Structures are given as C-alpha cells and as structure tokens.
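Okay, here's what each chain looks like letter by letter:
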Amino acid sequence: MSQFKFSIRTPAGRVRGLGSARSGTEHFWLQRLTAVANVPLAIAFIIIVVSVAGRDFEEARLAVGQPLIAILLLLFILSGVIHMRIGMQVIIEDYVHSEGAKVVAVMANTFFAVAIGAAATFAVLKIAFGI
Amino acid sequence: MAEAKAPTSQPAHSRPLSPHLQIYRLTWTMVMSGMHRATGGALYIGTLLLVIWLVALATGPRAFDRVQWFMGSWLGYLILFGYTWALLHHMMGGLRHFMWDFGKGFEPKERLMLAKGSLVASAALTLLVWVVGLSLS
C-alpha cells in the first residue's frame, strides 16, 4: 500500500508556529542581533587595542581598568562569544555528519565559548576592580 | 498540498545528490561566502589571543611581559595582522549580509561590486589600523 505513504500535513501546517523542529528562528535572530552589536563593539575593541598596544604592564592595567573601556570590552566579549558559538555550530552541523561526533562537537563548542567568555570577563573585572 | 515521502522499496543511497563545489565554475560570491566562513572560524580561534592577553594582564607583570614578548615577535605580528584582517573582512561580509537581509544588492552587478568592494575595504581598513597602530606605539 505504498501509494498511501505520504504525510497529509501541508507544508504550511508543518512550519506554522514553531515548525517541525519546534524551534529554529532564535539562532538566526540571535546571530543577526549579535552581529549588529558586534559592529560598533569590534570597532571600539580595535581602537582600544591600538591605543593600549606597546604600553607596559601598569599602563595597560590602568587603561583596561577604565570603566568605559572595561564595559566596552565586557560587552564585546558577551556579544562575541554568543555570535561565535552559533556560527561554529552552523559549521559543525554542515560538516560533521556522524550523529555522535556532531553532538560531542556541538557540546565542546559551547564549552569553549563559555570558557572564553568566563575567563575574559573574570580578567577584565579583576583588572578593573584593581584586585 | 500533500507531501510524498520517498518510496521505501528503493535504497536511500540511489537517490540523486546535489553536486558539490568542484562541479561549479568558481564565482566571486562563492569565494566570498567561503571566506566569510573561514574568517569566522579563524576569529573563533583568535579569541584565544584576547583571552590570553587579558588573563596575563590580570595575572601579573611577568605573565604579561611574556605575552607581550610573543605578540611583539614577528610571528606575533603576523598572527595579529591576520586577526585584524579576519575581523575586518568578517565585518565587511556581515554588512553585506545585512544588506541582503533587507532584500537589497542581489543583482549580478551589485553582488560582484559588493564582493570586490568588501575585499578592498577590509584590506584598506587593515592597513589603516596598522599604520595608525604602529605610528602611535
């Protein structure tokens, strides 16, 4: 009875609301949102690095500890790690076809992004608070 | 409209597959798409540079001097120069994507101009950053 082996759900019905995966657009939207944030934040980051480059330890610490600079760096780190995590997940999902390796890679990707974010945030806060 | 599933009697591997990259003639937009992904991947690894530098600065003068020594070496300069270009190129690619998200810039001439324009812009901006950076320090 192979002629009856089709879904009676319409394509519109399948994607209406949450779609077949029950999710899907958050990553697309979050990638655009963080991309918009990253443009000014990356420009600020480059300006900060260029102005701090070549300074000695004490000067660099004072510069990074300035509230405005520390806040801009923290925002860039936050927006950056979210953006890079989603981006790398897309790359993994495109190229890693074995289900087990894919799950491991997607997990490792999240661990890396969180570790980078936590380490950089901790460092900036420690410098800024002068501890 | 009902959606038919693939007949179960036929094995899955006999279904036609879409041809891969090497089948197509190389185009500017295709190369730029690959470069956007490649620079994104490079920046992913490159965040380690920022973290190492910040953690060293938070740790103390000795750790910071060691990192500064490496960043100031020719290899460090090469990596930082590459990172700068990757960041700016990815940013230019992102701006192109914003335009496309609004449905603009899809015409053949526009696509070509955007591809070449973002290459020129990212190279020019990278040089600008380094000229300013080196003249300040």
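Residues numbered from 1 in each chain as written. Chains lettered and ligands numbered in written order. Predicted model: local features only at pLDDT ≥ 70, side-chain atom pairs only at ≥ 80, totals over all residues.

A.B. asks: Please explain the packing of helix α4 (residues 67–95) of chain A against helix α1 (residues 28–59) of chain B as it appears in this structure.
C.D. replies: For any two helices packed against each other, the geometry is given by the interaxial angle and the distance between the axes. Interhelical geometry of α4(A) versus α1(B) gives an angle of 130° and a closest axis separation of 10 Å. Taken together, α4(A) and α1(B) sit at an angle that is classed as oblique. Regarding α4(A) and α1(B), the two cross each other, and that crossing is left-handed. Facing α4(A), whose interface residues are G80(A), M84(A), G87(A), M88(A) and I91(A), α1(B) presents R37(B), G40(B), G41(B), L43(B), Y44(B) and T47(B). Within the contact of α4(A) with α1(B), the residues separate by chemical class into five nonpolar, five polar and one charged. (Axes fitted to C-alpha atoms, helices over the stretch in contact; angles between N-to-C directions. Helix = DSSP H or I, 4+ residues; strand = E, 2+ residues; numbered from the N terminus. Parallel < 35°, antiparallel > 145°, perpendicular 65-115°, else oblique. Left-handed = near helix turned anticlockwise from the far one by under 90°. Contact = placed C-beta atoms within 7 Å. Nonpolar A, V, L, I, M, F, W, Y, C, P; charged D, E, K, R; others polar.)

A.B. asks: Honestly, the interface of chain B and chain A in this entry has me stumped. Any pointers?
C.D. replies: It is common to report an interface's size as the accessible area lost on association of the parts. Across the contact, 32 residues belong to chain B and 32 residues belong to chain A. Listed by contribution, the elements that provide at least two residues to the side of chain B that touches chain A are β1 (3–4), α1, α2 (61–71), α3 (74–101) and α4 (108–136) of chain B. Ranked by the residues each element gives to the side of chain B that touches chain A, the list is headed by α1(B), at twelve residues. The class makeup of the residues in the side of chain B that touches chain A is 19 nonpolar, eight polar and five charged.

A.B. asks: In this structure, what is going on with the confidence of the model for chain A? I would like to understand it.
C.D. replies: Caution applies to low-pLDDT parts of the model: their predicted coordinates are not meant to be read in detail. Residues with a pLDDT of 70 or more make up 87% of chain A, whose mean pLDDT is 89. Model confidence for chain A, summarised as mean pLDDT per element, is weakest for helix α1 (residues 11–15) of chain A at 68 and strongest for helix α5 (residues 99–129) of chain A at 97. (pLDDT = per-residue confidence, 0-100.)

A.B. asks: Looking at this structure, how should I read helix α2 (residues 25–52) of chain A?
C.D. replies: Each α-helix turn comprises 3.6 residues. Residues three or four places apart therefore point the same way. The terminal C-alpha atoms of α2(A), which comprises 28 residues, lie 39 Å apart, in line with the 40 Å expected from a rise of 1.5 Å per residue. Among the residues of α2(A), those classed as buried are T34(A), A35(A), N38(A), L41(A) and F45(A). Of the surrounding elements, those touching the buried residues of α2(A) are α4 of chain A together with α3 of chain B. Phi turns positive, to about 85°, at G54(A), one or two residues after α2(A). (Expected span 1.5 Å × (residues − 1). Buried ≥ 20, exposed ≤ 12 C-beta atoms within 10 Å, placed from the backbone.)

A.B. asks: How should the UniProt feature "transmembrane region" (unreviewed entry) in chain A be read in this particular structure?
C.D. replies: Residues and elements named next belong to chain A. When the UniProt feature table is mapped onto this chain numbering, "transmembrane region" (unreviewed entry) sits at residues 33–54, 60–82 and 103–129. In the segment residues 33–54, helix accounts for 91% and strand for 0%; the C-alpha atoms at its two ends are 33 Å apart. Each end of residues 60–82 is marked by a C-alpha atom, and these two atoms are 27 Å apart; helix forms 96% of the span and strand 0%. (UniProt positions renumbered as here; feature names shortened; annotations may be inferred.)

A.B. asks: Can you walk me through the nonpolar core in this structure?
C.D. replies: Nonpolar side chains in soluble globular proteins tend to be buried together. Counting 32 residues, the largest nonpolar core has A120(A), A123(A), V124(A), L54(B) and L57(B) as its most contacted members. At the level of secondary structure, the elements contributing two or more residues to this core comprise α2, α4 and α5 of chain A together with α1 and α3 of chain B. No other element matches α1(B), which puts nine residues into this core. Setting aside chain neighbours within four positions, we find A123(A) in contact with L54(B), V55(B), L57(B) and A58(B). (Core = buried A, V, L, I, M, F, W, Y, C linked by C-beta atoms within 7 Å.)

A.B. asks: Mind showing me how you'd approach the confidence of the model for chain B here?
C.D. replies: Residues and elements named next belong to chain B. Per-residue confidence for chain B gives a mean pLDDT of 89, with 91% of residues at or over 70. Mean pLDDT values over the elements of chain B span from 54, in β1, up to 96, in α3. Scored as a whole, the predicted complex attains pTM 0.84, and scored at its interfaces, ipTM 0.83.

A.B. asks: Looking at this structure, how should I read the environment of L78(B)?
C.D. replies: Residues and elements named next belong to chain B. Summarising the element assignment, L78 is placed in helix α3. The class for L78 is exposed, based on 10 C-beta atoms found within 10 Å. With 39 residues separating them in the primary sequence, L78 and T39 have C-alpha atoms 15 Å apart.

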